[in-house]
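Descriptive analysis of the structure
Residues per chain are reported as follows:
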Amino acid sequence: MTLRSCVKRNNLRLIASEQTMERQMDKISKGVAVITGASGGIGAVYADRLAKRGYDLILVARNEERLRHLARGISDQTGRAVEILVADLNDKTGLASVEHILKSNMQITMLVNNAGIGAAGSLRDSDVEQMTQMAAVNVNALMRLSYAMVPAFLQRGAGTIINIASVVAIWPELLNGVYAGTKAFVSAFTQSLQHELRDQHIRVHLVLPGATATGFWDRAGYPVSNLPVDAVMDPVDTVDAALAGLDIGELVTIPSLPEVAAWNAYEAARKKLIPELSRKAMASRYQS
Ligand SMILES: NC(=O)c1ccc[n+]([C@@H]2O[C@H](COP(=O)([O-])OP(=O)(O)OC[C@H]3O[C@@H](n4cnc5c(N)ncnc54)[C@H](OP(=O)(O)O)[C@@H]3O)[C@@H](O)[C@H]2O)c1
């Protein structure tokens, strides 16, 4: 045997044993990931990807049939345990049932706060009751579920929370103002949690997806076909990018942003303001 064929054969053996190791690692549970809004769109892709990474799942949404169908498919494909929890996060009892699970199930290692509703109309064209419901799911539910999860993770000294915001958090002119406001809340709340929990071995990941081709747009009354095709990502790519961002240790992931330096510059500009944001003296331009 030549040296070359020997090296090639050993390399192949190495790759094969790495693949076996990966498969074995996936068989070892990484704990349970709870995903809200898992009955479709971005949440359903997180469910698929996290199961393939070795997580057992608890899938939360209102549509029982879709949840059951998804759970069966994922569990058949991956062999992971997949439970469903039918709950309306806009309803006190439904929300309480999810909070209870987060507080009491010690196997939970990850929470993906993904459930959300969008809107595209202006203030004059939108109904304030619908806006209130949107804020309840996008803000109130995400906040309450985080309050249920963080103390449990702190007690165990580990855990990951993924909060799905949107690029409208930093681009409020794009769609509906209340939707942008809810996502700005998710962004600020998540960045604050990242700061609070920085030394506690708890990861808090903020994801700001751009337009993604899901049922979200029809539900928001603005079909995705209105957008330029180049501006819309497939949900599989959105989630794969977000998980790749998590893997490389990003605190904030914007799936389509080509250069992370652009986000870092944005953050640096914000942080530069900090020493000047609160002072005894008013700025000289306001002094008469
Ligand atoms: N698609 C985009 O362009 C885009 C861009 C940026 C950010 N996002 C954000 O990404 C997240 C996922 O959106 P998506 O695009 O995947 O939208 P989607 O396809 O409409 O999925 C939304 C999910 O949230 C669930 N949900 C909505 N209201 C709920 C409630 N009251 N209680 C429980 N679950 C509820 C829905 O399930 P049920 O109807 O079964 O309850 C569904 O599973 C949202 O937070 C959204 O704001 C989306």
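Residues numbered from 1 in each chain as written. Predicted model: local features only at pLDDT ≥ 70, side-chain atom pairs only at ≥ 80, totals over all residues.

**What to know about the overall build of the protein**
When you go through the protein residue by residue, the secondary structure sums to 9 helices and 7 strands. Its C-alpha atoms give the protein principal-axis dimensions of about 90 × 45 × 45 Å. Relative to its 288 residues, the protein shows a buried fraction of 34%. Here the contacts in the protein between residues at least 6 apart in sequence split such that 65% fall between residues at least 24 apart. (Helix = DSSP H or I, 4+ residues; strand = E, 2+ residues; numbered from the N terminus. Buried ≥ 20, exposed ≤ 12 C-beta atoms within 10 Å, placed from the backbone. Contact = placed C-beta atoms within 7 Å.)

**Here's the deal with the site of the ligand**
Taken together, 29 residues sit near the ligand, with Gly 37, Gly 41, Arg 62, Asn 63 and Gly 116 positioned nearest. Every element with two or more residues in the shell around the ligand is listed here: helix H2 (41-52) and helix H7 (216-219). No other element matches the 3 residues that H2 contributes to the shell around the ligand. (Near = placed C-beta within 6 Å.)

**A look at the sheet that holds strand S7 (residues 252-253)**
Sheet strands line up and pair through hydrogen bonds in the backbone, either parallel or antiparallel. Reading across from one edge, S3-S2-S1-S4-S5-S6-S7 is the order of the 7 strands in this open sheet, with parallel pairing throughout. Two strands in the sheet have a free side with no partner beyond their single neighbour: strand S3 (82-86) and S7. Relative to strand S2 (residues 56-61), strand S1 (residues 32-36) runs parallel, the two sharing 5 bridges. Bridge pairing in S2 places Ile 35 opposite Leu 59. Against the sheet, helix H4 (residues 92-104) engages S1, S2, S3 and strand S4 (108-113), with an angle of about 145 degrees to S3. (Pairing = 2+ DSSP bridges. Axes fitted to C-alpha atoms, helices over the stretch in contact; angles between N-to-C directions.)

**With respect to the packing of helix H5 (residues 128-156) against helix H6 (residues 177-196)**
Helix-helix packing is characterised by the crossing angle of the two axes and by the distance between the axes. Two elements in contact, H5 and H6, have axes whose closest approach is 9 Å; the angle formed by their N-to-C orientations is 10 degrees. With respect to H6, the axis of H5 lies roughly parallel. Across from Met 131, Met 134, Ala 135, Asn 138, Val 139, Leu 142, Met 143 and Ser 146 in H5, the residues of H6 making contact are Val 178, Tyr 179, Thr 182, Lys 183, Phe 185, Val 186, Phe 189 and Leu 193. Its residues assigned to classes, the contact of H5 with H6 shows 12 nonpolar, 3 polar and 1 charged. (Parallel < 35°, antiparallel > 145°, perpendicular 65-115°, else oblique. Nonpolar A, V, L, I, M, F, W, Y, C, P; charged D, E, K, R; others polar.)

**A word on the packing of H2 against helix H3 (residues 64-78)**
In contact at an axis separation of 10 Å, H2 and H3 are set at 20 degrees when each is read in the N-to-C sense. Considered as vectors, H2 and H3 are oriented roughly parallel to each other. In the crossing of H2 with H3, the sense of the turn from one axis to the other is right-handed. Contact residues: H2 offers Ala 44, Ala 47, Asp 48, Ala 51 and Lys 52, while H3 offers Leu 70, Ile 74 and Thr 78. (Left-handed = near helix turned anticlockwise from the far one by under 90°.)

**So, the confidence of the model for the protein**
Taken residue by residue, the protein gives an average pLDDT of 93. The fraction at 70 or more is 91%. Per-element mean pLDDT across the protein ranges from 52 in helix H1 (residues 3-27) up to 99 in S1. (pLDDT = per-residue confidence, 0-100.)

**Overview of the pairing of strand S5 (residues 159-164)**
Most of S5 is tucked away, with 5 of its 6 residues classed as buried. Where S4 lies against S5, 4 bridges are found, and the strand directions are parallel. Bridge pairing in S5 places Val 112 opposite Ile 162. A crossover connection joins S4 to the parallel S5 through H5; in handedness this β-α-β unit is right-handed. Bridge analysis of S5 against strand S6 (residues 202-207) gives 6 bridges, and the strand direction is parallel. Counted as the bridge partner of Ile 164 is Val 207 from S6. (Right-handed = clockwise from strand over helix to strand, strands pointing away.)

**Considering H4**
Helix length check: H4, at 13 residues, gives a terminal C-alpha distance of 18 Å against a target of 18 Å (1.5 Å per residue), a fit within 8%. Within the sequence span of H4, burial applies to Leu 95, Val 98, Ile 101 and Leu 102. Angularly, the buried residues of H4 cover 120 degrees about the axis, an arc narrow enough to put them on a single face. For H4, the exposed residues set more than 90 degrees away from the buried face come down to Lys 92, Thr 93, His 100 and Ser 104. Close packing links the buried residues of H4 with S1, S2, S3, S4 and H5. (Expected span 1.5 Å × (residues − 1). Arc of directions from axis to C-beta.)

**What to know about the pairing of S3**
Summarising the sheet, S2 and S3 pair through 5 bridges and their orientation is parallel. By the bridge assignment for S3, Val 60 is matched with Leu 85. Of the crossover connections in this fold, the one passing from S2 over H3 to the parallel S3 is right-handed.

**Some words on the nonpolar core**
Ranked by size, the top nonpolar core spans 65 residues in total, and within it Val 34, Ile 35, Ala 47, Leu 57 and Leu 59 carry the most contacts. Looking at this core, the element that brings in the most residues is H5, giving 8 residues. Sequence-distant contacts of Val 34, defined by excluding residues within four places in its chain, comprise Ile 58, Val 60, Ile 101, Leu 102, Ile 108, Leu 111 and Val 112. (Core = buried A, V, L, I, M, F, W, Y, C linked by C-beta atoms within 7 Å.)

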